[in-house]
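One-letter residues, chain by chain:
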Amino acid sequence: MRIQLPYRTPHTPAVRLESFLVLLGLSLAMAVLAPGFLSINNFLNILLATAVIGVLAIAATFVLSSAGLDLSLGSLLAVGGVVVGVLGVNLGLPWWVALAGGLAAGVLLGGVNGYLIARAGIPAFIVTLGMLSVGRGLSLLIADGKPIYGLPPAITFLGQGRFLEVPVPVWILLSLTLVFHLILTRTRFGRYTLVIGDNEMAARVTGIDVAAHKIRLYMLSGGLAALAGVLFAARVNAADPTAGISYELSAITATVIGGTNLFGGRGTVVGTLIGALIMGILQNGLNLMAIPAFYQQVAIGSVLVLAVWLDRIRDRRPA
Amino acid sequence: MIQGRGWDVSLLEIRNLTKRFGAVEVLRGVNLTLEAGSVVGLLGDNGAGKSTLMKIVSGVYSPDGGEVWFAGKPLAYPQHNPREARRLGIAMIYQDLALARQQDVASNIFLGQEPLCRWLGLWPVIDQARMQREAEQVIERLGARIPSVRHPVGQLSGGQQQSVAIARALTSSPKLFIMDEPTAALAVREVEHVLELIRELKRQGIGVILISHRLPDVFAVCDRIVVLRQGVVVADLPAAQTNMSEVVGYIVGAH
């Protein structure tokens, strides 16, 4: 069987055509098959359900674009939420101190990841696998093993509030997507991220400080994970130290479906949003059709492999 | 000779340079001088230390011992790095070209020195329009045929990729131009193009070091030929006073 797709355009687009087509086809299929899929309310539901994974996936997009890997996203998510809980509830500090503390904790642990990867030269897989465990342990220790309830109203607003009828997490996801899309495509920070992932030697010989850049990337990744943790805790009104287990895998899945090269050099934040939405729509549509959750896992895994396969087919053809 | 402070100094002077990687002694006291406007061919068998020597000059590696003087001043190792080398006027084209293959031609040419403008007067962003315009000018000056500066470099031919690497090196207006195997992967017509470029650089008073295995290319453009063997200079001869078989003898150690 031969699949005919248009040749890859020489000018790399912001979003890969495949992921957009998959999103469109999937939405059409769900609109026909799933009762109640086509409504603004349901669409906002999908975006809301996508927000936490979407924010994590933005972090994964930057790290994967640099040919790195961050397996600690889910654990740093829990750390971010729990630190906000301890500062805001147990210690009764103002909400903005709690928020800043939670984000700082994520940036700090991300910085530890980055330092060990860039300066000590330990593979990212090992370092962030270690942090996956260390971060989870720390969040359990900080929270004494149980969820912290009763977060300040200003924090829960971030997860449950609405602005112009649209849930606040959706605003946050969409604005972060826009900002980080611009950072990746328009700034030196974004360009160096891609170049380091493409050919680290090219970055080195043109005077780019590769180690410093990698440390900043993992700090960014940790900070975004902590922010996702705040959104998650705010939405369920509890800072749970067991939150976000295996979320890093969903984030990486969304990123790769969206067209970011798992081995670095090519990344797209808008594509990542589409990848996350594809996963959200699958879940939502299958739920509406009352198909058991086990099938959803099969479907999402299949879409991941299919997306990468389509990409390969286009890459293998003569330029 | 170029004008130093009051007396004439060489453009590049390498004194007793040593470098080891673990147990391997790659350079064992190398001496080499280069005058502005002259072309030196640096020859030697694989592993003789040619690329390592040049990567020390271009700031990728630091030496273990010895000194490198450039335009009358010592390079300050280990702070010396590729950015500093470029600022001083040392440009190098690497054997594997050191290109980011998924990025476009313009990005590769301006890698590490992208022109910036301020978005809404606040945030520094890459001035894409200016970068592409200037990249087109550089490519045109080189006379290279490249479909578009927005083409990913990995989709270009070997000769076109070579042109991109040369264009990148030329943007820093170098005084010293180091080329590591620039003709190894090129078609005949493209080789002639590179040799003509070397002659043009020489006419402009730029010093050139050419690393190559292709002796006809070396004899076609070089004033002097330096042979490295097992980390030391075994021959330093004017090109006019030697021939290929003598040079081959030095390379393989028959002399």
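Residues numbered from 1 in each chain as written. Chains lettered and ligands numbered in written order. Predicted model: local features only at pLDDT ≥ 70, side-chain atom pairs only at ≥ 80, totals over all residues. Heavy atoms only, no water.

S.K.: I'd like a rundown of the confidence of the model for chain A, residues and numbers included.
M.R.: Confidence along chain A averages 90 in pLDDT terms, with 93% of residues attaining 70 or more. This model gives residues 1–11 of chain A a pLDDT under 50, and the stretch forms 25 contacts once residues within four places in sequence are excluded. (pLDDT = per-residue confidence, 0-100. Contact = heavy atoms within 4.5 Å.)

S.K.: Tell me what's going on with the side chain of Asp198(A), and back it up with residues and numbers.
M.R.: Note on placement: Asp198(A) falls in helix H8 (residues 188–198). There is no salt bridge for the buried Asp198(A), and the closest opposite charge comes from Arg101(B), which lies 6.5 Å off by N-O distance. If we skip the residues at most four places from it in the chain, Asp198(A) touches Gly264(A), Gly265(A), Ala100(B), Arg101(B), Gln102(B) and Gln103(B). (Helix = DSSP H or I, 4+ residues; strand = E, 2+ residues; numbered from the N terminus. Buried < 20%, exposed > 50% of the residue type's maximum accessible area, 1.4 Å probe, protein only. Lys, Arg positive; Asp, Glu negative; His and termini not counted. Salt bridge = Lys/Arg side-chain N within 4 Å of Asp/Glu carboxyl O.)

S.K.: Mind laying out the packing of helix H6 (residues 153–160) of chain A against helix H7 (residues 168–186) of chain A, listing which residues take part and the relevant values?
M.R.: Residue and element names in this part refer to chain A. Running from N to C, H6 and H7 point in directions that differ by 70 degrees, and their axes come no closer than 5 Å. Taken together, the axes of H6 and H7 lie roughly perpendicular to each other. Where H6 abuts H7, its residues Phe 157, Leu 158 and Gly 159 lie against Val 168, Pro 169 and Ile 172. Taken together, the residues of the contact of H6 with H7 sort by class into five nonpolar, one polar and no charged. (Axes fitted to C-alpha atoms, helices over the stretch in contact; angles between N-to-C directions. Parallel < 35°, antiparallel > 145°, perpendicular 65-115°, else oblique. Nonpolar A, V, L, I, M, F, W, Y, C, P; charged D, E, K, R; others polar.)

S.K.: So what's going on with the pairing of strand S13 (residues 224–229) of chain B? Residues and values would help.
M.R.: All names here are of chain B. By the criterion of burial, S13 is predominantly enclosed, with five of the six residues buried. Bridge count for strand S5 (residues 39–43) against S13 is four bridges, and the pairing is parallel. Bridge pairing in S13 places Leu 42 opposite Val 226. Relative to strand S14 (residues 232–238), S13 runs antiparallel, the two sharing six bridges. When the bridges of S14 are listed, Arg 229 appears paired with Val 232. (Pairing = 2+ DSSP bridges.)

S.K.: Please provide a residue-by-residue account of the nonpolar core, values included.
M.R.: The tendency in soluble globular proteins is for nonpolar side chains to be buried as a group. With 87 residues, the main nonpolar core has Phe62(A), Leu158(A), Leu176(A), Phe180(A), Leu224(A) and Leu282(A) as its most contacted residues. Per-element accounting of this core gives the leading share, 15 residues, to helix H2 (residues 40–65) of chain A. One finds Ile93(B), Leu97(B), Val149(B) and Met179(B) within the second-largest nonpolar core, a separate group that totals 50 residues. (Core = buried A, V, L, I, M, F, W, Y, C linked by side-chain atoms within 4.5 Å.)

S.K.: Kindly report on the sheet that holds strand S3 (residues 12–21) of chain B, identifying the contributing residues and their values.
M.R.: Residue and element names in this part refer to chain B. Overall, antiparallel pairing links the four strands, which are arranged S4-S3-S6-S7 in an open sheet. Edge positions in the open sheet fall to strand S4 (24–34) and strand S7 (73–74), since each of these has one partner strand only. Summarising the sheet, S3 and strand S6 (residues 65–70) pair through five bridges and their orientation is antiparallel. If you follow Thr 18 over to S6, its bridge partner there is Gly 65. Across the sheet, helix H1 (residues 50–57) touches S3, S4 and S6, and the angle it forms with S3 is around 115 degrees.

S.K.: An account of the pattern of salt bridges is requested, with residue identities and associated values reported.
M.R.: Per the stated rule, a full pass over the model turns up 15 salt bridges over all chains. Bridged by salt links that share partners, the residues Glu192(B), Glu196(B), Arg199(B), Glu200(B) and Arg203(B) form one connected network.

S.K.: Could you give me a rundown of the pairing of S6(B), with the residues and numbers involved?
M.R.: Residues and elements named next belong to chain B. Here two bridges tie S6 to S7, and the two strands are oriented antiparallel to one another. Paired with Phe 70 across the bridge in S7 is Lys 73. In this structure, the hairpin formed by S6 and S7 is closed by a connection of two residues, where Ala 71 is found at a positive phi of approximately 50 degrees.

S.K.: Describe helix H1 (residues 17–33) of chain A, listing the residues and the values that go with them.
M.R.: Residue and element names in this part refer to chain A. For H1, which comprises 17 residues, the first-to-last C-alpha distance of 24 Å matches the rise-based estimate of 24 Å (1.5 Å per residue) to within 8%. Burial in H1 covers these residues: Glu 18, Ser 19, Leu 23, Leu 26 and Met 30. Summarising the axial view, the buried residues of H1 lie within an arc of 135 degrees, below the 170-degree limit, and thus occupy one face. Residues Leu 28 and Val 32 are exposed on H1 and point more than 90 degrees away from its buried face. (Expected span 1.5 Å × (residues − 1). Arc of directions from axis to C-beta.)

S.K.: How would you summarise the packing of aromatic side chains if you had to cite specific residues and measurements?
M.R.: Residue and element names in this part refer to chain A. Scanning the entire structure with this criterion turns up five aromatic pairs over all chains. When the ring of Phe 163 is compared with that of Trp 171, the centres are 5.6 Å apart and the planes differ by 65 degrees; the resulting orientation is edge-to-face. Classification of Phe 163 as partly exposed rests on a relative accessible area of 48%. Taking relative accessible area as the criterion, Trp 171 reaches 34% and is therefore assigned partly exposed. Considering the side-chain rings of Phe 232 and Tyr 247, the 5.9 Å spacing of their centres and the 85 degrees angle between planes classify their relative orientation as edge-to-face. Remark: Tyr 247 occurs in helix H11 (residues 247–257) and Phe 232 occurs in helix H10 (residues 210–236); sequence separation between them is 15 residues. Feature note: the residues Phe 62, Phe 180 and Phe 189 constitute an aromatic cluster, connected by ring pairs. (Phe/Tyr/Trp six-rings, centres within 6.5 Å; stacked < 30°, edge-to-face > 60°.)

S.K.: With reference to specific residues and values, describe the sheet that holds strand S8 (residues 90–93) of chain B.
M.R.: Where strands meet in a sheet, backbone hydrogen bonds hold them as pairs that are either parallel or antiparallel. Residue and element names in this part refer to chain B. On the basis of which strands lie adjacent, the open sheet formed by six strands has the order S8-S11-S12-S5-S13-S14 and mixed pairing. Where the open sheet ends on each side, the last strands, each with one partner, are S8 and S14. If you compare each strand with its neighbour and ignore which way they point, the axes differ by 15 degrees on average. When S8 meets strand S11 (residues 176–180), the two strands line up parallel, connected through four bridges. Of the residues in S11, the one forming a bridge with Ile 93 is Met 179. Contacts from helix H5 (residues 158–170) reach S8 and S11, with the element oriented near 170 degrees to S8. Together, S5, S13 and S14 form the strand contacts of helix H8 (residues 244–252), whose direction differs from that of S13 by roughly 25 degrees.

S.K.: An account of the packing of H6(A) against H10(A) is requested, with residue identities and associated values reported.
M.R.: Residue and element names in this part refer to chain A. Running from N to C, H6 and H10 point in directions that differ by 95 degrees, and their axes come no closer than 7 Å. Considering the angle they form, H6 stands roughly perpendicular to H10. Within the contact between the two elements, H6 uses Ile 155, Thr 156, Leu 158, Gly 159 and Gln 160 and H10 uses Val 230, Leu 231, Ala 234 and Arg 235. For the contact of H6 with H10, the class distribution of residues is five nonpolar, three polar and one charged.

S.K.: Any chance you could break down unusual backbone geometry for me, citing the residues and the numbers?
M.R.: The phi angle of most residues is negative, glycine excepted, and most peptide bonds adopt the trans form. All names here are of chain B. In this chain, Tyr 77 is followed by Pro 78 through a cis amide linkage whose omega measures 0 degrees. Checked against the element boundaries, Pro 78 lands in the loop between S7 and helix H2 (82–88). For Gln 230, which is not glycine, the phi dihedral falls at a positive 50 degrees. Following the sequence through the fold, Gln 230 ends up in the loop between S13 and S14.

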